[in-house]
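# Residue-level structural notes
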Amino acid sequence: MARQERPELLAVAIAFLLLGGLITVYSTYRVQQGRWQHVDASIPHERRDLHHFILPLLVISSLLTGWLLHLPVVALGIATAGLIVLIAKLCLRWFKLSHHVAFATFAAILQWPFLPGVLLIAFAVFLIGWSRIVLHRHQPIEVCAGTLAGIMAGSMFWLSLFACRQFDWL
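Residues numbered from 1 in each chain as written. Predicted model: local features only at pLDDT ≥ 70, side-chain atom pairs only at ≥ 80, totals over all residues. Heavy atoms only, no water.

### Overview of helix α2 (residues 44-67)
For α2, which comprises 24 residues, the first-to-last C-alpha distance of 34 Å matches the rise-based estimate of 34 Å (1.5 Å per residue) to within 8%. For α2, every residue scored as buried is listed here: E46, R47, L50, H51, I54, L55, L57, L58, S61, S62 and T65. (Helix = DSSP H or I, 4+ residues; strand = E, 2+ residues; numbered from the N terminus. Expected span 1.5 Å × (residues − 1). Buried < 20%, exposed > 50% of the residue type's maximum accessible area, 1.4 Å probe, protein only.)

Next comes the structure, spelled out in structure tokens:
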């Protein structure tokens, strides 16, 4: 079993680095162009641009990972990460959901069955949320919304994985 998990773990690491790198390059480029004030994309029009960049990127990455690399669990993880961006996009009319907290919570939920130190991860998520408020990047409701989005996406991942494995789809 450990042998089967290694390609998936490597694929997750590579996907994380590639996607994170592309998003960082895009955000930095927008700031250098003078279109954004900060790489955090804090202003609503900046967030919309970021969402319009990230959503197709995650969809395409998920499809390619499942289809070309034959790693359906990784593809499911990328797709459910897209759920966070979709939720953030839908909430943008009312508030700016914290991506930092949402993705940290999502990562914690994904690790839940594997790490006995899940409380440490929850504490880290708490610290990230606290820092976003202290740095005046988010209001408490935006941090709470990010936490809920991460929980929803992580739960969708595990529920989908369980359902797919129940019916031998993965």
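So, next bit.
### Regarding the nonpolar core
Counting residues in hydrophobic clusters, the biggest one holds 16 residues, and the most contacted among them are L97, F106 and F157. At the level of elements, α3 (72-91), α4 (99-111) and α6 (140-166) are the ones that each hand at least two residues to this core. The element that contributes the greatest number of residues to this core is α3, accounting for seven residues. If near-sequence neighbours (up to four positions away) are discounted, F106 is found in contact with G77, T80, A81, I84, G150, A153 and G154. In this structure, L19, I54, L55 and L57 belong to the second largest nonpolar core, which totals 15 residues. (Core = buried A, V, L, I, M, F, W, Y, C linked by side-chain atoms within 4.5 Å. Contact = heavy atoms within 4.5 Å.)

### Quick notes on the packing of α3 against α4
As a packed pair, α3 and α4 sit with axes 11 Å apart at the nearest point and diverge in direction by 150°. When the axis of α3 is compared with that of α4, the two are roughly antiparallel. Where α3 crosses over α4, the two elements pack in a sense that is right-handed. Across from G77, T80, A81, I84, V85 and A88 in α3, the residues of α4 making contact are H99, A102, F103 and F106. (Axes fitted to C-alpha atoms, helices over the stretch in contact; angles between N-to-C directions. Parallel < 35°, antiparallel > 145°, perpendicular 65-115°, else oblique. Left-handed = near helix turned anticlockwise from the far one by under 90°.)

### Re the packing of aromatic side chains
Considering all chains together, one arrives at three aromatic pairs under this definition. Between Y26 and W36 the ring centres are 5.6 Å apart and the planes differ by 85°, which places this aromatic pair in the edge-to-face class. You can see Y26 sitting in helix α1 (residues 2-32) and its partner W36 sitting in the loop between α1 and α2, a full ten residues away along the chain. Of the residues examined, W36 reaches a relative accessible area of 4% and is grouped as buried. (Phe/Tyr/Trp six-rings, centres within 6.5 Å; stacked < 30°, edge-to-face > 60°.)

### Regarding the side chain of S61
In this fold, S61 is placed in helix α2. Judged by relative accessible area, which is 15%, S61 ranks as buried. Not counting residues within four places of it along the chain, the set of residues in contact with S61 comprises L19 and I78.

### Notes on the packing of α2 against α3
At their nearest, the axes of α2 and α3 sit 8 Å apart, and the two run at 165° to each other. Classified by the angle their axes make, α2 and α3 are roughly antiparallel. The way α2 lies across α3 gives a crossing that is left-handed. Taken together, the residues of α3 that come into contact with α2 (itself represented by H51, H52, I54, L55, L58, S61, S62, T65 and G66) are V74, A75, I78, A79, A81, G82, V85, L86, A88 and K89. For the contact of α2 with α3, the per-class residue count stands at eleven nonpolar, seven polar and one charged. (Nonpolar A, V, L, I, M, F, W, Y, C, P; charged D, E, K, R; others polar.)

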